[in-house]
Amino acid sequence: MNFLSPLFLLGALAVAGPVLFHLIRRTTRHRALFSSLMFLSPSPPRLTERSQFEHLLLLILRCLALGLLALGFARPFWRQASAPPAAAAAGRRVVILLDVSASMRRTGLWPQAQDRVASILRTVGPADQAAILTFGRRLTPLLSFEAWEAAPVSARTDLALRRVAAAAPGWEEAHLGDALISAAELLTDGAADRASSGPRQIYLISDLKAGAQLGGLPAYDWPKMVELALEPVKANHPTNAGIQLIAESPDADQQASPSVRVRVSNAADSTREQFQVGWALANGSGNRPAPTDIYVPPGQSRVVALPVPPGGGTGKIVLTGDQESFDNTLYVAVPQKQHWTVLYWGADQAGDVRGPRYFLERALPQNPHLAVTLSAASPDQPAPPADLAAAKLYFATGALSAAAADALRAELLRGKLMVLAPPSAAAAVTLARLLAVPTVGLTDAVPADYAMLGEIDFHHPLFSPFADPHYSDFTKIHIWKYRRLQLRGIAGARAVARFDRGDPAVVDIPVGQGRLIVFLTGWNPSDSQLAISSKFVPMVAALLDLAGGKTDATTQFTVGDALPAGFGADSSSPGLYATKAGAAFAVNLAASESRTEPRVADELERYGAPGIKRAPDPAQVKEQAARLLAADAEGRQKWWRWILGATFLVLLLESALAGWTARRVAPAASMGGISS
Amino acid sequence: MTLRNLELRARTVVEGFWTGLHRSPYHGFSAEFTEYRQYSPGDDPRYLDWKVYARSDRSFIKKFEDETNLRCHLLFDRSRSMNYGSTGYSKGQYAATLAATVAHFLHSQGDAVGLLAFDDQMREYLPARHRPGHLRHLMLALEKPAGGHATHLVEPLSRFAALVRKRGLVIYISDFLAPLERLETGLATLTASGQEVTVFQVLDPRELTLELGDAALYEDMETGQRVYLDPATSRNGYQARITAHCEAVRSACQQHGIGYHRLSTADPLELALFEFLQERRRA
């Protein structure tokens, strides 16, 4: 006979109670009166002198009841030879998730991680399947289930260890949540996984830093059959400080001495607080200006402005005083300020608040990286070719002379962009000249009340900034008058916006390699409310973008970012790079990689990860299986029910016997004392 | 104690002790002449002996022995502890018989008998009188059931001292199973006021020996307190304590010349009366 809960057998020791009570001569049910107890003190019951049991049968019944109760709670069962559970027979499917983010470059972490992989692989049996995935920003299979299965059983572990030995931490940030979700789906989605009934386990080998991105893990419904075992690795040095570039102040170009602002953050478990930060020479042999001392308590960050050295702001800034150097270099590429020119043809003067030029000049972007100036040209004379070539974009809000139109058409054919806003039907000649067609159907139209933009193609670059429903409301822009253009007969013309009556409002017409954007209503207040609406400035910026320049040129990227086309380099490691055009840009570590203080496992669980379990010990697994078998056998036999029934019977018998004994004793137990 | 009627029991006990006349400490008005005294202004002229005045021309006052002015008060403990008894009757019944006997005896001699019954406070007071029917009232008062949840031994003494100013005999009947604080002071006050005090401590034999049988849960008849008690193990200590207590009562009485009689309810009542009379005769 075996017991599921043998500790309950200790309850049988309670039989000592009845044995002791039966040795005590105490008849507490006898009561008597006495005149005064002032000379008496309570006396404890005493054992019978001859150690003689009273009511032996009662004693036996009481001991029997207690013994049976203890036996029942111990859940006895007969062990039977039964087939092992299917789970024990089926192999495990194990995914080893290896963190190769930049923070794993810290001293001592990677060898620990490799050791953990080796120790986990030692627990993987022949029937088990294992896969090794590395994750940084993306999940990369190091060894797939198929490769594991394809390898001979004896060579599997060596194969996996070779793959791990060949791997190394990268520079990406850790997207821990996405990696866990992908690993869980790998274990649950495949056909083989659905057929398998064995345990599915994920071993996460990581430094579990606080900066790891949990992504969609909080919202993910973790599959119940997948277990997660954390295998945290710990760095040799707790101190880690990081350095990040933060955005320049808007008036940076107005400062007498331009500076670069950097944030130095210190991990919460750091033991150092004093650091130095400064520009480094190109060869890295030392700091250019004197480094700036900075005091950063653990868990906090400080912002420091470093003056841009005379040679320019492109270079690297180095943080010293830290024990871990992987995130101590910041690459800075300060973009050169660009100066663009926009040529303008129109009848209005610069200060005419009713003319379109007044509003256009104020909508052109002016920021530390870009300055756009508007240059007025004579509508009667063709502009000098140098001005035409230097200008990024052309605006015309009046009729042009034939010569000027021809010169502009030549530029359009070469790939330039022009915006034409005909003020009246008289500008049809200019439009026809630009398009090199005999004539275009352009007439004035005055709506009864006002017109609105009713049909807008938000896929067009001009309107794409407004594609979000938050910004796509154009109904507040009232249009008082416009021109009606017949698109028929104009090759390639496409109305990207129409008035509510169906007439084209903005027409995109390709001209050679360039394009002509025709606004059939002006933005000046006499034509419409477009210039005083919130849409005008983004539209002008979109036109500049369309003309070939980026108004918000970015020169700072994070490792793993997708670089714009034309950059001609990858962002897999930090550093200073140059685009094909020769412009410098910098790639840096993600700021989250510097937050290396360990994340509490409970926090991971709170964000949706399943119950954190340690990696199971094979001995524990065997013991657990035996326990499961015992519980199964006991659950089928249920001896405890019979024993409990017998206990009740014995207790009933005991009660009856005790009652009979009490009734027999009571008459004989009369005591002295006369009460009035 | 087999007679149910208390008065009958008392009368039975008194028979045979009719000789117990005592001399009154007071001089009063009766037929028996005692002495002459020189008249002094202020004396009642009714008691002038005119014959002597006629014979000798001197004024003398006749003095007579007062036979009816003995005032006896019974201080009777009616607390619940007096309900205990193991001899077939309780201490209270024994004490009531004792009190009734004394009352009957004194009443038969023409003395005035009063009663002050108490437990934790004074419950009943009958002034000392010698009237027809007074003895009957006194018997009825003695037969009333016990009450109270404690015994206060000094309270009746102080109340008695406040109520009764005249000198007389005080018979204090109780089991004295109560704290003895200030008992000696109370007795001293009583004797100092000219009272002649006699104490009867009535106890059950089992109260002296604690022969109670088996262990049981014993309940105090006055306080209701319950303790588990094995008499066999508690007996020695109890006997020492009850003996010391009785000795303390005796000592307090002796210090003030008070007659002390410890009575066991197993003893015949006649012996108690005999002892009492013998003591009075000696006095």
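Residues numbered from 1 in each chain as written. Chains lettered and ligands numbered in written order. Predicted model: local features only at pLDDT ≥ 70, side-chain atom pairs only at ≥ 80, totals over all residues. Heavy atoms only, no water.

**Comments concerning the overall build of chain A**
Counting secondary structure elements, chain A contains 16 helices and 32 strands. Within the span of chain A, comprising 676 residues, buried residues form 43% of the whole. For chain A, long-range pairs separated by at least 24 residues make up 72% of all intrachain contacts whose partners lie at least 6 apart in sequence. Counting every atom, chain A has about 33,000 Å² of accessible surface; 57% of that belongs to carbon and sulfur. (Helix = DSSP H or I, 4+ residues; strand = E, 2+ residues; numbered from the N terminus. Buried < 20%, exposed > 50% of the residue type's maximum accessible area, 1.4 Å probe, protein only. Contact = heavy atoms within 4.5 Å. Areas by Shrake-Rupley, 256 points an atom, 1.4 Å probe, with all protein chains shown as cover.)

**So, the overall build of chain B**
Looking only at helices and strands, chain B has nine helices and 10 strands in total. Looking at chain B as a whole, 50% of its 283 residues qualify as buried. Partitioning the contacts of chain B with sequence separation of at least 6, the portion at a separation of at least 24 is 75%.

**Looking at the sheet that holds strand β4 (residues 112–118) of chain B**
All names here are of chain B. Strand order in this open sheet of six strands is β5-β4-β3-β6-β7-β10, and the pairing throughout is mixed. In this open sheet, the two strands that pair with only one neighbour each are β5 (122–129) and β10 (259–264). For this sheet the average axis-to-axis angle between neighbouring strands, irrespective of direction, equals 15 degrees. Where strand β3 (residues 71–77) and β4 come together, seven bridges link them in parallel fashion. Considered in β4, the bridge of Asp 77 is made with Phe 118. Strands β3, β4 and β5 of the sheet are contacted by helix α4 (residues 134–142), whose axis makes an angle of about 160 degrees with β5. The sheet contacts of helix α8 (residues 231–255) involve β7 (196–203) and β10, and relative to β10 the element is tilted by about 155 degrees. (Pairing = 2+ DSSP bridges. Axes fitted to C-alpha atoms, helices over the stretch in contact; angles between N-to-C directions.)

**Concerning empty space enclosed by the protein**
Residues and elements named next belong to chain A. If you walk through the whole model with that rule in mind, you get two cavities of 30 Å³ or more. Empty space within the largest cavity amounts to approximately 60 Å³. What lines the largest cavity is Leu 453, Ile 477, Ile 479, Ala 505, Val 506, Phe 519, Thr 521, Ser 528, Leu 530 and Met 539. Split by residue class, the lining of the largest cavity holds eight nonpolar, two polar and no charged. Considering only enclosed or pocket space, the second largest cavity measures out at about 40 Å³ in volume. (1 Å grid on protein atoms, 1.4 Å probe; cavity = no way out; pocket = protein on both sides within 12 Å on 5 of 7 lines; lining within 4 Å. Points joined across faces, edges and corners; volume = space filled by probe spheres on them. Nonpolar A, V, L, I, M, F, W, Y, C, P; charged D, E, K, R; others polar.)

**Observations regarding the pattern of salt bridges**
Residues and elements named next belong to chain A. Under the criterion given, the structure shown has 30 salt bridges over all chains. Between Arg 92 and Asp 128 there is a salt bridge, and its shortest N-O distance comes to 3.3 Å. Taken together, the positions of Arg 92 in the loop between α3 (86–89) and β6 (93–99) and Asp 128 in the loop between α4 (109–123) and β7 (129–135) put the pair 36 residues apart, joining distant regions of the chain. The salt bridge partner of Arg 156 is Glu 149, with a shortest N-O separation of 4.0 Å. Given the relative accessible area of 39%, Glu 149 is considered partly exposed. The network of salt bridges with common partners includes Asp 99, Arg 106, Asp 207, Lys 209 and Glu 593. (Salt bridge = Lys/Arg side-chain N within 4 Å of Asp/Glu carboxyl O.)

**Quick notes on the interface of chain B and chain A**
Tallying the contact residues gives 35 residues for chain B and 25 residues for chain A. Here chain B is connected to chain A by zero salt bridges. Inspection of the region where chain B meets chain A yields seven residue pairs in polar contact (both at pLDDT 80 or more). Mapped by element, the contributors of at least two residues to the side of chain B that touches chain A are α7 (205–209), β8 (216–220), β9 (226–229) and α8 of chain B. Per-element tally for the side of chain B that touches chain A: the top contributor is α8(B), with six residues. (Polar contact = N/O pair within 3.5 Å; in protein donor to acceptor, adjacent residues only side chain to side chain.)

**A closer look at the confidence of the model for chain B**
Residue and element names in this part refer to chain B. This prediction gives chain B a mean pLDDT of 83; 88% of its residues lie at or above 70. Low pLDDT (under 50) marks residues 18–31, which in the prediction has 33 contacts with non-local residues, meaning those over four places away or in another chain. Model confidence for the complex: the whole-complex pTM is 0.47, and ipTM, which rates the interface, is 0.78. (pLDDT = per-residue confidence, 0-100.)

**Remarks on the side chain of His245(B)**
Here His245(B) lies in helix α8. For His245(B), the residues in contact, after removing those within four places along its chain, are Met38(A), Phe39(A), Phe176(B), Leu177(B), Ala178(B) and Leu180(B).

**Brief notes about the sheet that holds β9(B)**
Taken in spatial order, the three strands make up an open sheet running β3(A)-β8(B)-β9(B), and their pairing is mixed. Single-partner strands in this sheet number two, and they are β3 (31–34) of chain A together with β9 of chain B. Direction aside, the axes of adjacent strands within the sheet are offset by 35 degrees on average. When β3(A) meets β8(B), the two strands line up parallel, connected through four bridges. By the bridge assignment for β8(B), Leu33(A) is matched with Glu219(B).

**Description of the confidence of the model for chain A**
Low pLDDT means the predicted coordinates in that region are not meant to be read closely. All names here are of chain A. For chain A, per-residue confidence averages 83 on the pLDDT scale, and residues scoring 70 or more make up 86% of the total. A low-confidence stretch, residues 83–88 (pLDDT under 50), is modelled with six contacts involving residues beyond four sequence positions or located in other chains. Confidence over residues 668–676 falls short of pLDDT 50; this stretch has 21 contacts with residues more than four positions distant or in other chains.

**As for the packing of helix α1 (residues 16–23) of chain A against helix α2 (residues 56–73) of chain A**
Axes are the key here: two packed helices are described by the angle between their axes and the distance separating the axes. All names here are of chain A. Packing of α1 against α2 leaves a shortest axis separation of 8 Å and a crossing angle of 160 degrees. The pairing of α1 with α2 is recorded here as roughly antiparallel in orientation. For the pair α1 and α2, the crossing hand works out as right-handed. Where α1 abuts α2, its residues Pro 18, Val 19 and His 22 lie against Leu 58, Leu 59, Arg 62, Cys 63 and Leu 66. Its residues assigned to classes, the contact of α1 with α2 comprises six nonpolar, one polar and one charged. (Parallel < 35°, antiparallel > 145°, perpendicular 65-115°, else oblique. Left-handed = near helix turned anticlockwise from the far one by under 90°.)

**A few points about a nonpolar patch on the surface**
Together, Met1(A), Trp78(A), Trp639(A) and Trp642(A) make up a nonpolar patch on the protein surface, roughly 500 Å² of accessible area in all. Tracing the backbone through its elements, the reader meets Trp78(A) in the loop between β5 (76–77) and α3. (Patch = residues over 30% accessible without salt bridge, like charges linked within 9 Å, V, L, I, M, F, W, Y side chains within 5 Å.)

**As for α4(A)**
Residues and elements named next belong to chain A. Along its 15 residues, α4 runs 22 Å from first to last C-alpha, staying within 8% of the 21 Å computed at 1.5 Å per residue. Taken together, the buried positions of α4 are Leu 109, Trp 110, Ala 113, Val 117, Ala 118, Ile 120 and Leu 121. Buried residues along α4 sit in contact with β6, β7, α5 (145–150), α6 (156–166), β9 (200–206) and β10 (226–232). (Expected span 1.5 Å × (residues − 1).)

**Regarding the nonpolar core**
Grouped together as the largest cluster of nonpolar side chains are 76 residues, with contacts concentrated most on Trp345(A), Phe463(A) and Leu516(A). Broken down by element, this core gets its largest block of residues, six residues, from helix α13 (residues 536–546) of chain A. The contacts of Phe463(A), once residues within four sequence positions are left out, are Ile456(A), Asp457(A), Phe458(A), Phe474(A), Val496(A), Ala497(A), Val506(A) and Met539(A). One finds Phe176(B), Leu190(B), Tyr238(B) and Cys246(B) within the second-largest nonpolar core, a separate group that totals 40 residues. (Core = buried A, V, L, I, M, F, W, Y, C linked by side-chain atoms within 4.5 Å.)

**Comments concerning the environment of Leu204(A)**
Residue and element names in this part refer to chain A. Counting through the fold element by element, Leu 204 comes out in strand β9. For Leu 204, a relative accessible area of 1% corresponds to the buried category. Residues Leu 204 and Thr 134, spaced 70 residues apart in sequence, show a C-alpha to C-alpha distance of 10.0 Å. Apart from residues lying up to four places away in sequence, Leu 204 is in contact with Leu 97, Phe 135, Leu 176, Leu 180, Leu 228, Ala 229, Leu 230, Glu 231 and Pro 232.

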